Amino acid sequence: MKVTVFGIGYVGLVQAAILASVGHDVVCVDVDEEKVANLKKGIIPIYEPGLTPIVEQTCKDGLLNFTTDAQAGVEHGEVQFIAVGTPPDEDGSADLKYVLAVAKTIATYMTSPKIVVDKSTVPVGTADKVSVQIADVLASRSAELEFDVVSNPEFLKEGAAVSDCSKPDRIVIGTDNEASKAVMRELYAPFNRNHERMIFMDVRSAELTKYAANCMLATKISFMNEIANLAERLGADIESVRQGIGSDSRIGYQFIYAGCGYGGSCFPKDVQALVKTANDVDYKPSLLEAVESINYSQKQKLFSHLNTHFAQNLAGKRIALWGLSFKPKTDDMREAPARELMEALWQAGATVQAYDPKAMEECQRIYGERDDLILCGTKEQALKSADALVVCTEWPQFKAPDLAMLKSSLTHPVVVDGRNLYEPSMMKEKGFSYYAIGRGDSV
Ligand code: NAD
């Protein structure tokens, strides 16, 4: 099947490569000329485990192509995916300017019927807006061409995007149009063989499903962080509590880790956007507001532990940071807790010595050269003469450090663990001042 994907980011590129890997003929269109030029040379702009060989093979097979030529892209695909960003607007709502720009482009160049598939995360009612945009442009061209706008939200996780796209838990399709349903069934048939993964529903329900999923996950995190804050005050250990509740199959073990708050390009903006949607229909989303505000406070905790430990005198201190990405197995630093911490440390006059297995280039790109940021080649180098270590991301390589080396490298034996990777009793025994999240002993 001929498919066009607009937007070659984390979602568009992975989805396009996976569709090409099963034999679809995919053209990717992006407005970022450098990104397209690099991809044509085989340079992949993001780190995503397993992605490189799939892109290389599908390009070699001639099934995955990249272009900035939107007209050629529109001509190519019977199915046109919109996978562009939907960043938060100033008021928290999802900014639809990129989505609507693609709709306009499709309508400007289409010369045959198209199925326009919205993969970007968009508020309820966006498919209607996309339809109006396309219809208006077609009318201005006096072109009578059929089209349908389908909602097909994406549920992939960064760091596991390839396996999530190859073996999706579910494929949600929002449309009432029987012909579109048949096309989407055919498109996804290779991913739907073992058991039925496709869930058909109306467009608005599909749009809301994506927000509901992300808000549920964010709620689990904020819930655990709230219990962790209580545990700290009550002398309980959130890690024991986590195991105690996770063993209940109605609750389960997934997504119940306390930590220094959720980040990334999705949870913060999607919770914010659903709050805004609720406000727009005169509903006060008390739970979602609490989820946001708990997360905000949680992200301040790392700095607050350091500031208290060093008696509000962080000026001139060197702080080692392990982990910059918002979670392991990605180089994505959007809304990462590490950013909040670094910016607060700089404000207080401290210097950051940071190491991350994959996000160093991204950190350099975001912050450029500055005297108070030292990007180190290894996790050991980051510790040299540092006054404290903060763990911001639970990369596997940070889970079992050589504690003797850690202690001898640091000027002060202070560890702030934003991911609860170490045992408080062991840290105490080895002579560290150890601060974690919701672990009775550590505060
Ligand atoms: P991204 O920022 O990584 O990529 C977006 C791409 O769209 C960029 O390359 C940009 O240059 C391109 N673009 C912008 N305007 C364009 C235009 N007019 N024509 C062609 N290309 C254009 O974004 P992302 O992380 O892939 O997210 C895309 C959407 O998917 C968002 O709505 C996001 O909420 C949603 N989503 C993201 C994830 C995730 O984990 N990143 C997961 C599920 C859903």
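Just so you know, these numbers come straight off a predicted model, no measurement behind them.

1. Side note on the packing of helix 11 (residues 267–280) against helix 12 (residues 286–309)
Step number 1: Look at helix 11 against helix 12: their axes get within 10 Å of each other, and the N-to-C directions meet at 145°. Classified by chirality, the crossing of helix 12 by helix 11 is left-handed. On the side of helix 11, the interface is formed by V271, Q272, L274 and V275, while helix 12 contributes L288, E289, V291 and E292.

2. Observations concerning the nonpolar core
Step number 1: Counting 126 residues, the largest nonpolar core has L321, L389 and V390 as the members making the most contacts within it.
Step number 2: In terms of domain composition, this core takes at least three residues from each of domain 1 (2–201) and domain 2 (235–442).
Step number 3: For L321, the residues in contact, after removing those within four places along its chain, are A338, M342, V352, Q353, A354, A382, V390 and C392.

3. Some remarks on helix 9 (residues 203–234)
Step number 1: The end-to-end C-alpha distance of helix 9 is 47 Å, a good match for the 46 Å that 32 residues give at a rise of 1.5 Å each.
Step number 2: Directly beyond the C-terminal end of helix 9, a positive phi value near 70° is found at G235.

4. Details of the domain arrangement of the protein chain
Step number 1: Here the protein chain is described as being made up of domain 1 (2–201) and domain 2 (235–442).
Step number 2: Summarising the inter-unit geometry, the C-alpha centres of domain 1 and domain 2 are found 34 Å apart.
Step number 3: Contact with domain 1, which involves 15 residues of that partner, is made by 16 residues of domain 2.
Step number 4: Here the residues of the side of domain 1 that touches domain 2 are counted per class, giving nine nonpolar, four polar and two charged.

5. A closer look at the site of the ligand
Step number 1: Residues in close proximity to the ligand total 26 residues, the closest being G7, G9, V11, S120 and T121.
Step number 2: Grouping the amino acids of the shell around the ligand by side-chain chemistry returns 13 nonpolar, eight polar and five charged.

6. With respect to the UniProt feature "domain: UDP-glucose/GDP-mannose dehydrogenase C-terminal" (unreviewed entry) in the protein chain
Step number 1: Here the UniProt-annotated "domain: UDP-glucose/GDP-mannose dehydrogenase C-terminal" (unreviewed entry) positions come out as residues 320–424.
Step number 2: When the span residues 320–424 is considered, its composition is 30% helix and 18% strand, and the gap between its end C-alpha atoms is 19 Å.

7. A short note on the UniProt feature "binding site: substrate" (unreviewed entry) in the protein chain
Step number 1: Following the UniProt record, the feature "binding site: substrate" (unreviewed entry) maps to F155, L156, K157, E158, K210, F255, I256, Y257, A258, G259, G263 and K327 here. Across 173 residues, the annotated set is spatially dispersed, with a maximum C-alpha separation of 23.8 Å.
Step number 2: Tracing the backbone shows A258 in the loop between helix 10 (238–246) and helix 11.
Step number 3: Each residue touching A258, except ones within four places of it in the same chain, is listed here: M224, N225, A228, I238, N420, I437 and G438.
Step number 4: Take K327: there are 20 C-beta atoms within 10 Å of it, and that puts it in the buried class.
Step number 5: The residues contacting K327, other than those within four sequence positions of it, are G159, G264 and T393.

8. Thoughts on the sheet that holds strand 9 (residues 318–322)
Step number 1: With respect to topology, six strands assemble into an open sheet ordered 11-10-9-12-13-14, the strand pairing being parallel. The outermost strands of the open sheet, each flanked by one partner alone, are strand 11 (373–375) and strand 14 (433–435). Averaged over all pairs of adjacent strands, the angle between their axes in this sheet comes to 20°, without regard to strand direction.
Step number 2: Sheet topology places strand 9 next to strand 10 (residues 351–355); five bridges connect them, and they run parallel. Directly across from L321, in strand 10, lies its bridge partner A354.
Step number 3: Contacts between helix 12 and the sheet are confined to strand 9, strand 12 (388–391), strand 13 (414–417) and strand 14, with strand 13 contributing the most and set at about 160° to the helix.

9. Here we look at unusual backbone geometry
Step number 1: With a phi close to 60°, D282 is a non-glycine residue in the positive phi region.
Step number 2: Along the chain, D282 turns up in the loop between helix 11 and helix 12.
Step number 3: Even without a glycine there, the phi angle at E335 is positive, about 55°.
Step number 4: In this structure, E335 sits in the loop between strand 9 and helix 13 (337–347).
Step number 5: You can call E335 buried: it has 20 C-beta atoms within 10 Å.

10. A short note on the confidence of the model for the protein chain
Step number 1: Looking at the protein chain, pLDDT values average 97 and 99% of them are 70 or higher.
Step number 2: For this predicted complex, the interface score ipTM comes out at 0.99, while the overall pTM is 0.95.

11. Focus: the environment of M333
Step number 1: For M333, the location among the structural elements is in the loop between strand 9 and helix 13.
Step number 2: Take M333: there are 23 C-beta atoms within 10 Å of it, and that puts it in the buried class.
Step number 3: Considering only alpha carbons, one finds M333 and G263, 70 residues apart in sequence, at a separation of 8.2 Å.
Step number 4: When neighbours within four sequence positions are excluded, M333 is seen to be in contact with L324, S325, F326, R339, A359, E362, C363 and I366.

12. Considering the pairing of strand 7 (residues 171–174)
Step number 1: Side chains of strand 7 alternate between two faces, with I171 and I173 and V172 and G174 buried alike.
Step number 2: Pairing of strand 7 with strand 8 (residues 198–201) involves four bridges; the strand directions are parallel. Within strand 8, the residue paired with V172 across the bridge is I199.
Step number 3: In terms of handedness, the path from strand 7 via helix 8 (residues 178–188) over to strand 8 forms a crossover that is right-handed.

Calculation criteria
- Residues numbered from 1 in each chain as written.
- Predicted model: local features only at pLDDT ≥ 70, side-chain atom pairs only at ≥ 80, totals over all residues.
- Axes fitted to C-alpha atoms, helices over the stretch in contact; angles between N-to-C directions.
- Helix = DSSP H or I, 4+ residues; strand = E, 2+ residues; numbered from the N terminus.
- Left-handed = near helix turned anticlockwise from the far one by under 90°.
- Contact = placed C-beta atoms within 7 Å.
- Core = buried A, V, L, I, M, F, W, Y, C linked by C-beta atoms within 7 Å.
- Buried ≥ 20, exposed ≤ 12 C-beta atoms within 10 Å, placed from the backbone.
- Domains from an automatic or database assignment.
- Expected span 1.5 Å × (residues − 1).
- Nonpolar A, V, L, I, M, F, W, Y, C, P; charged D, E, K, R; others polar.
- Near = placed C-beta within 6 Å.
- UniProt positions renumbered as here; feature names shortened; annotations may be inferred.
- Pairing = 2+ DSSP bridges.
- pLDDT = per-residue confidence, 0-100.
- Right-handed = clockwise from strand over helix to strand, strands pointing away.

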